[in-house]
Protein chains: 4
Amino acid sequence: MPANSGRVLLAYSGGLDTSCILAWLIEQGYEVYAFMADVGQEEDFAAAEKKALKVGAKKFFLEDLKREFVTELIYPAVQANCIYENVYLLGTSLARPVIARGMIAVADREGCDYVSHGCTGKGNDQVRFELAFYGLKPDIKVIAPWRLPEFYNRFPGRQALLTYAEKSGIPVFQTAAKPWSTDENMFHISYEAGILEDPNTTPPTDMWKLTTAPEDAPTTPERISIEFKAGLPVKVTAGEKAYTDAVDIFNALNTLGRKHGIGRIDIVENRFIGVKSRGCYETPGATILRTAHIDLEGLTLDRNVRSLRDQFTTIEFSRILYNGHFFTPEREFITSSIPTSQRTVNGLVRLKLYKGNVVVEGRESSEGLYDEQQSSMDELGGFEPTDTTGFIAIESIRIKKWAQANIRKGQAGVAPQDVYGSRV
Amino acid sequence: MPANSGRVLLAYSGGLDTSCILAWLIEQGYEVYAFMADVGQEEDFAAAEKKALKVGAKKFFLEDLKREFVTELIYPAVQANCIYENVYLLGTSLARPVIARGMIAVADREGCDYVSHGCTGKGNDQVRFELAFYGLKPDIKVIAPWRLPEFYNRFPGRQALLTYAEKSGIPVFQTAAKPWSTDENMFHISYEAGILEDPNTTPPTDMWKLTTAPEDAPTTPERISIEFKAGLPVKVTAGEKAYTDAVDIFNALNTLGRKHGIGRIDIVENRFIGVKSRGCYETPGATILRTAHIDLEGLTLDRNVRSLRDQFTTIEFSRILYNGHFFTPEREFITSSIPTSQRTVNGLVRLKLYKGNVVVEGRESSEGLYDEQQSSMDELGGFEPTDTTGFIAIESIRIKKWAQANIRKGQAGVAPQDVYGSRV
Amino acid sequence: MPANSGRVLLAYSGGLDTSCILAWLIEQGYEVYAFMADVGQEEDFAAAEKKALKVGAKKFFLEDLKREFVTELIYPAVQANCIYENVYLLGTSLARPVIARGMIAVADREGCDYVSHGCTGKGNDQVRFELAFYGLKPDIKVIAPWRLPEFYNRFPGRQALLTYAEKSGIPVFQTAAKPWSTDENMFHISYEAGILEDPNTTPPTDMWKLTTAPEDAPTTPERISIEFKAGLPVKVTAGEKAYTDAVDIFNALNTLGRKHGIGRIDIVENRFIGVKSRGCYETPGATILRTAHIDLEGLTLDRNVRSLRDQFTTIEFSRILYNGHFFTPEREFITSSIPTSQRTVNGLVRLKLYKGNVVVEGRESSEGLYDEQQSSMDELGGFEPTDTTGFIAIESIRIKKWAQANIRKGQAGVAPQDVYGSRV
Amino acid sequence: MPANSGRVLLAYSGGLDTSCILAWLIEQGYEVYAFMADVGQEEDFAAAEKKALKVGAKKFFLEDLKREFVTELIYPAVQANCIYENVYLLGTSLARPVIARGMIAVADREGCDYVSHGCTGKGNDQVRFELAFYGLKPDIKVIAPWRLPEFYNRFPGRQALLTYAEKSGIPVFQTAAKPWSTDENMFHISYEAGILEDPNTTPPTDMWKLTTAPEDAPTTPERISIEFKAGLPVKVTAGEKAYTDAVDIFNALNTLGRKHGIGRIDIVENRFIGVKSRGCYETPGATILRTAHIDLEGLTLDRNVRSLRDQFTTIEFSRILYNGHFFTPEREFITSSIPTSQRTVNGLVRLKLYKGNVVVEGRESSEGLYDEQQSSMDELGGFEPTDTTGFIAIESIRIKKWAQANIRKGQAGVAPQDVYGSRV
C-alpha cells in the first residue's frame, strides 16, 4: 500500500458508497479531503461532515452554491426553455457544472492532485462531472473508483460495501435502503434504478417526495402572477406575498408547485452513452416558471426569433446540458445568443395552480409587439385586406409551378410515391 | 349586374357571413353551389343545407371527411409529434387540407370555375385554403370576398350583414352572437376574436365547450391503455371497452379527454402573416395521444433518430401545417421520412387520466431497444465500466485543448466575454 | 396634376429608368431629391449628379458608404462564411442594407415624406430595400413606380421610356443597351435578364467585366498570404506589398482576384418571391477571402462550434441577407453569436492564385487547438489507444441494440424498406 | 502460444503493417483468412494474394465491390451533395461501409469468429469499420492490434515492424516509404501523416498522384455534358464519346477530372475523436459531378425543398458518413428522404473543364419549375406587380412592429447591444 499517493478531493455525499470510497482511497495511500455542495438538497450536512472526518478525511468543505445554481444555470435554462427529449427539464444536468466548478475551485486552492467521485460507470453524471473538470482544469487527474476494476471487482454489490464499511468503522444507518436511487437539488429530485428499471412498473405512491399527489392537492385553485424582465422572473406574487430576490422567487415557486402537485414526470430517456434508462422526476417550481415564460414569449417575442431560437438554441443548449458539455466552446457559442433573444421578454403572466395543472389565465406587456387592433378580426386596424391577396399570390407562385409540373406528369395534386406517414 | 359570371363552389358554414356571401355572389351574377365538409364538428347539416338552398344555392354538397381527416392528417401529425410554438397542436391547420381537397374534388366534378370562402383577410385560414387550392389545381380561381374592397367596404360590420340578410331573405337566428369566434372539428375547437383579443382577459368559464373544467372533472382517476404499431394507435382500452378502428379510437380518446378536463390551452401565437393573435383551444383526445406517443418513443425510438426527427421533421412539419403548405414539395419531402422514424414505435402505454392530467404509469414493448439489464445501475450487464473511461478520455480531447488555450490566454475555464444568459 | 404631393428621396442611378421615374415623380407633383450611394461601383457620379439636377431634382446627395459596406456588412458575412444555395456569395444582398440606411438617414435629415426606387416588381431588391426602410423607419412611405399600374402600364417597354425621356429633356446616351442588366459594388457585379434568361445560353465572353478570363490570366501562379484576427482579415501580403486597412485589404484582394480570373459563377437561383432566376456573378476578392477564412477555421475553430455555426448561423444569416431581412430581430439574434464563434480564428493562410484557382498552400496559428504530436499517426502523443476501444464500445451500444432488433425481425443489417437514395 | 484461438478475417492491404499483423495473429494462435476489397484503387491484387498466403493466411478473398461502391454509396452522396466541413467530399468515409459489408459477408460465410484490421488508434477508420461491423453483425468480435498494448508496445515504430517482418519471412520491398500515408479508391485518394502533419508545409508537387497539376493541364478547355435522372448521372458525353453505365460514367468523369487538374484539396479537418488532422485529397470525377448536380438543382429543385435538404439531409448525412454511422437507424432515417428530394432533378448540364476549373456553361430541363417568361425582367409574364406590394406589406407587419418598439425605447433602427460580427 503506497504511503503517499497524493491528495484527493472527493465529492462526498455522506452515503454508503462515497464513505467506502473515502476509506478505500485512504487505503490506497491518498490523503483525502471531502467536498460537499449545497445546491438546495435536503441533507444533514453537519452529520455528513462528522462522518467524513470519522472515516478519515483530513478536511471537509461545504460550499453553498445555491445562488449561483439559480442565477447562472437555472435561469439561463429558463430563458432558453431548455428541455431534453420533450419532457425532461434537466435538473441533475444543471447542477453538475456548478458543483464541478465549486470542486475545482477548492481543489485548486487546497493543492489537490486529484478529484474523485462516486458515480457509476453507466450513467450520465460521471461524464458530466469529468468533462466539466477537464473544461475548467485540463490537467486535473480524476479517480472514478466505479470504473476501476480493482474497486468494482472488490465491491460487486451492496453487501460487499456493507462488510467493508463495518470493517472500516463507517457508521451505517440501519434503515432499509429505498429500492431506487435519488438525486436532489433546488431544481428537482430524480428517481431511478431498483424497481424503476422495469419501465412498466408504476412508481409507488410513497416514492414521490417533493410534491403532493394531484389527488391530495388542494381542491381550491390558487392564483399567482410572475413578472419577467429580459426573460427572467423578477417578481412572484401569491396572495399577499411578493418575492423579488432571484433565490426567493425560485423557492417560492417550489413551495407553490409542491403544494399543488405540479411537475411530476415518469419517462424513458436516452443517456449520453447510448443506453436507455427509466427515470422519474419532480420539478415543481421550474415547471411553473417554464409555463409562464413560454406563454410570455408568445406575447413578446418576434415570431422568427422564437422559431430560430426553438430550433437552435433550445435544442442545442438542452443537449449540451444533458451531455455534460457546459464548459465547452459550443456552450459558450450557443448561450451567447440568449441575451439578444430575451431583450423583449418583459411582462407579467397570471397563473392558476390546481391539482397538477399550471393554467395561464392572462398576460400583459408594454413591449408592443402584440397589437390588439391589428390582430382584431372585427376591424381593419390599419390593415389592407388586399395586401393579403398579394401575399398569397406571391406565396403561391412556386406552389403553382410545382402543381403544374405534377399535373403534366399525370400526378395531379400529389405525386404517387407521396407518403404522409406510416399506416398499419 | 352581370348575367352569368360563372359557377362558384362556396365553402358554406350555415352562418351569417357565408350566407351573405352566398347571396352576394348570386347578386354578382354567379351560379353558386354550396359545400360543407363534415370533419367531426357539431353541426346541424340538414338545417344548413336547407338554408343554403333557400338563400339561392343551386346545389348543396356535404362531404364526410372524418376518416381521411383522422387517418391522413391527424395520425401523421401524431407520429411526428407536431406542435406549433411549443403549445398549439394544430387542430385547425390539420383540417384545412382535407376540406380543401374535398372541395377541389367537387369543384372539378361539378365544373365550377371558382371556389370561394368566408375567411377574413387577417387570418391563417385564407392562406391555408388558397395555397391548398393552388397546390391541387393551380388554375383554379378563388373569390375571397373579405379581401375584395367592393365587399368589405359594403359590409363594414355585423350590422351591415344583418341588414343585408334581412333584405336577402336570409334567416337569422335571434340568439345573441357569442363574443368570440370558434372553429370546431374532431381534433379540437378554437376560440378567438371578440373579448379574447385582450390577452389579459381570462376566458369565461362557460366559453369552454368540449371539456369539463378540471375543477368539475371526476375526483376518481381513470386508467386506460393505448397500443401503438408503427407510431399509430391501434387499440385503446378503457375499462371493459376496447377500440381498434382508427376513427373509433380517436372518438374514444376524445370522450375520455372531455370527461377528465384534458387539453385546454390559452396562448398568444404568431400567425403566418406576422400578426400576433390570442387563441384558446380544447384538444382532448389528441392531447392524450400525444403524451402516450412521446412516452412510447422514449422506450422504442433510437436516440439519434429521435433527436434528428425532433429538430427537423417535427419542427418543419408543424410549421408547414400551420402555414398552410400541405400540398407542397417541402411537405412531401418532410413527411417522406416519417415512416422510417416510426417503424420501431410499437408497444403499449398505460395512462392515468385525472382532472386535466395525463399521467404515464408504465409502458412496454418487445422492440428490445431498452435493455433492463444493460440499463441497470445494480449489475454490469455485459458492460465494461472501463469502456466509459475511454469514452470520456476521447470526449475530453477537444475540450482539454480548448481549456488549455483559454488558460494560456489567461481565460481559465471560461472566457471573459462568455455570457450564459441575460441578467437583470 | 397635384401641386404639392410632398418630398421624395429617390434612389437614383443615373440610368434611363430612374431618370424617367424622377421626371414622372415631378410630374405627379412631388418635390424630388436624388440619392446615390458609393458602394464601390464604377460610376461617373458627377455626370449622374448633373443629369439628376437637369431632369429636375431639387437636391442631389452622394454618400460614400464603402467603408461601412466593408466593415459592417461584408466582414461579418465573411466571418460567418455566408453563401446562398451553395454558390452565391450575396453581393447585392450585402449592399442593400447599407444603401437603405444611408438613404433613410438623408430622408430623415432632409425631411422627406417618401422614399422611392426603380426596382422592378419581380425581383429581390424591391423587397430588400423596402423591408430595410421599414425596419429603420416604420412610418416611411415608399413609392415603387414599377409596381404602380399608372406607371407600368404607361411605360410597358424600353421604347416608351425613351420617348418619355426625349419629351422630358432627359439626356439619353446613344450606346446600345447591353442585352442584360448589371448591379455592381465593391463586392461583386451581377448580370441577369435579357439573353441570360435562357439558362442554357452560355454568357458571351465579353460580358464578364471585372475578371480576366481564366484562359487569359497569367500563366505564372502568384503567392499571397492573409492574416486573420477574430475571423477578420487584418493583413494581406502579396509580394513586396502589405495591406492592413480594412478597405485597402478588400481592394487589394479584388485586384488580385480580377487578375487571376477568380470568382465567376453562373447559376439558377430561387428569388425570395418564389421565382427561379438565372444570374451570373463576379466576386473576385471575396472568393479568395472565403477560401482562406474557411481554411483557417479548420485549424482554429472547435469542431462542434464549427458544426453548429455551419448548420445555423451560416445558413440562417445567408437566408436573412438574401431575403432582405437585415434590420430585423432575427438578424440581430443570429449575428449575436458570431463574435463568440470567431474569437479563436486567428492565424495566417498562404494561398496560390492561378487561373481561377485559389489554392491553400499552408496555414499557421498560435491558438493551439491543432496539436501536431497528438494528431500524429507516427507517435502516441499522450494518447492511449485503448481509450478509443472504450469510445467505440460506448458508441456501439445503441447501434448493436438496433442491429440485434433488426436481426430478431429477420432484417439483418439493414431493414428491407431502407432506401439509400434514388436509383434509375 | 495458444493452439487454436479461433478464425480471424483480416482486412489485408499487402503492406508492411497488415502483413505483420497477419503474422502476429498466427503467432497468437489464430487461423487467419485475408480479405481484400477492390473499390477501384490501383493495386497489384495478385501480388498481395501471393504475399498473404506466403505469410501464412489460410485463405485469401478478393471482393470486387466497385459497382456497389458507386451505386449504393457514391451516388446517394452525390444526390445529397454530401460534404464535410465545407470542403471534404468524404471519399474514404464512403468506401468503408461497402468494405465492411463485404467483409462481414465473407466472415459469415466462412465461419470466422473475428474480424481484424490495421487501422491506427487515433484515426477515423477504426471507428468507421468497427461501427459498421457492429451495425451489421452485433456479436462479431473485433481485433484491433494497434489498440492492443501487447501489440503496439512491441512494435513502437516502423523499424520494429521491419525487424519482425524479416524474422517472419515477410517480403519487404526496398522502396523507401513515402513520407505520408495514402488511402485510394475509385472516388479519391487521401494523403495524411508524415511531413503533412505540419499544416504549414505545402505538399510537394510529386505527392499528387491522380491529377495533373493545373499548371500542367491542357491549355485548351474541354466541353462535356452530364444528363441526370432523379439526381443521378445517366449519361456523360465528352466529344464523340458517351457513357451510360453507372460505373462507366464515374470512370469517365475521373479520367476527365484527372486530365484537367480537377479536385485537389488541402485541409485541416476535425476527426470524430476530436483531434484536428491535416489531409490532402484528390477527387477528380466526384468534383465535376457535384458541380453539375448542384447546378441542376438550381434549375429543377423547389426552393424550400432545397433549403430544408441542405440544412438537414446534406449536413446530417455528411456527418453520419464521416463518423462511420452508416449502418445505423439515423442513417436509415436521413436517407429515406433523399428519393423524394430528387424526383424533379432531371435535365442536362453543360460544363467546361479547364486547369482545375469546372465551369457551368448552361443547363436545361423539361421539369418546368423554371419559367423564362415569369422570370423575365422585361415582361409581366402573368405576374401582377401589385401582388408584390401586398407581399411586402405583409412581410413588413412584424418588422414594423419591432422597429416601432425599438424607437419607443430610443433604439431607433437597431438596438444598442446589436452586434454584427467581430471587429478588430
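Just so we're clear, the structure is a prediction, and the values are computed from it rather than from any experiment.

With 24 residues of chain C in contact, the opposing surface of chain A contributes 25 residues. Roughly 2300 Å² of surface becomes buried between chain C and chain A when both sides are summed, with 71% attributable to carbon and sulfur atoms. Summed over the three residues of chain C that lose the most area to chain A, namely Leu308, Phe312 and Phe333 of chain C, the buried surface amounts to 28% of that side. Between the two partners, chain C and chain A, sit two salt bridges.

Here we take up the pattern of salt bridges. Following the criterion strictly, the structure yields 126 salt bridges over all chains and no others. In this structure, Asp245 of chain A engages Arg67 of chain A in a salt bridge whose closest nitrogen and oxygen atoms are separated by 3.0 Å. Residue Asp245 of chain A is located in the loop between strand E10 (241-243) and helix H8 (246-259), and its partner Arg67 of chain A is located in helix H3 (residues 66-79); the two are separated by 178 residues in the primary sequence. With a relative accessible area of 25%, Asp245 of chain A lands in the partly exposed category. A relative accessible area of 43% means that Arg67 of chain A is categorised as partly exposed. Salt-bridge contacts for Glu27 of chain B lead to Arg154 of chain B; the nearest nitrogen and oxygen are separated by 2.7 Å.

Moving on to unusual backbone geometry. Even without being a glycine, Asn86 of chain A presents a positive backbone phi close to 70°. Accessibility expressed as a relative area gives 31% for Asn86 of chain A, which makes it partly exposed. The residue Asn81 of chain C is not glycine, and still its phi comes out positive at about 55°. Mapped onto the secondary structure, Asn81 of chain C falls in the loop between helix H3 (66-79) and helix H4 (91-109).

Residue and element names in this part refer to chain A. If you check helix H10 (residues 303-322), its first and last C-alpha atoms are 27 Å apart, about what 20 residues at 1.5 Å a residue would give, namely 28 Å. Bending of H10 peaks at approximately 45° at the position of Arg309. Counting buried positions along H10 yields 18 of 20 residues, so the element is predominantly enclosed. With a side-chain oxygen lying 2.8 Å from the backbone nitrogen of Asn304, the N-terminal cap of H10 falls on Asp302. Gly324 occupies a position one or two residues after H10 and carries a positive phi of about 75°.

Now for the UniProt feature "domain: Arginosuccinate synthase-like N-terminal" (unreviewed entry) in chain A. With numbering aligned to this structure, UniProt lists the feature "domain: Arginosuccinate synthase-like N-terminal" (unreviewed entry) at residues 7-171 of chain A. Overall, residues 7-171 of chain A shows 50% helix and 16% strand. The separation of its end C-alpha atoms is 24 Å.

Okay, the packing of aromatic side chains next. Residues and elements named next belong to chain A. Taken as a whole, this structure holds 66 aromatic pairs over all chains when the rule is applied. With a centroid separation of 6.1 Å and 90° between ring planes, the pair formed by Tyr88 and Tyr322 is classed as edge-to-face. Within this pair, whereas Tyr88 is found in the loop between H3 and helix H4 (91-109), its partner Tyr322 is found in helix H10, the two being separated by 234 residues in sequence. Exposure remark for Tyr88: the relative accessible area of 2% places this residue in the buried category. Here the aromatic rings of Phe155 and Tyr164 are separated by 4.9 Å at their centres, their planes lie at 65°, and the arrangement is edge-to-face. Side by side, Phe155 and Tyr164 carry an identical accessibility label, which is buried. These aromatic residues form a ring-pair network of at least three members: Trp24, Trp146, Phe151, Phe155 and Tyr164.

Here we take up the state of the cysteines. A disulfide bridge is the covalent bond that connects two cysteines by way of their sulfur atoms. Residue and element names in this part refer to chain A. Evaluation of the coordinates by the stated rule reveals zero disulfides over all chains. Cys119 supplies the cysteine sulfur nearest to Cys20, a cysteine that is in no disulfide, at a spacing of 16 Å. For Cys20, a relative accessible area of 0% puts it in the buried group.

Put simply, the second copy of the chain is the first one after a rotation about an axis and a shift along it. If you rotate chain C by 180° and push it 0.0 Å along the axis, it lands on chain D with an RMSD of 0.0 Å. The superposition of one copy onto the other is thereby described by a two-fold rotation axis. Using C-alpha coordinates, one finds that chain C approaches the rotation axis most closely at Gln311 of chain C, a distance of 3.0 Å.

Rules and cut-offs
- Residues numbered from 1 in each chain as written.
- Chains lettered and ligands numbered in written order.
- Predicted model: local features only at pLDDT ≥ 70, side-chain atom pairs only at ≥ 80, totals over all residues.
- Heavy atoms only, no water.
- Contact = heavy atoms within 4.5 Å.
- Buried area = accessible area lost by both parts, 1.4 Å probe.
- Salt bridge = Lys/Arg side-chain N within 4 Å of Asp/Glu carboxyl O.
- Helix = DSSP H or I, 4+ residues; strand = E, 2+ residues; numbered from the N terminus.
- Buried < 20%, exposed > 50% of the residue type's maximum accessible area, 1.4 Å probe, protein only.
- Expected span 1.5 Å × (residues − 1).
- Bend = angle between axes of the 7 residues up to and from the residue.
- Polar contact = N/O pair within 3.5 Å; in protein donor to acceptor, adjacent residues only side chain to side chain.
- UniProt positions renumbered as here; feature names shortened; annotations may be inferred.
- Phe/Tyr/Trp six-rings, centres within 6.5 Å; stacked < 30°, edge-to-face > 60°.
- Disulfide = S-S within 2.5 Å.
- Least-squares fit on C-alpha atoms with pLDDT ≥ 70 in both.

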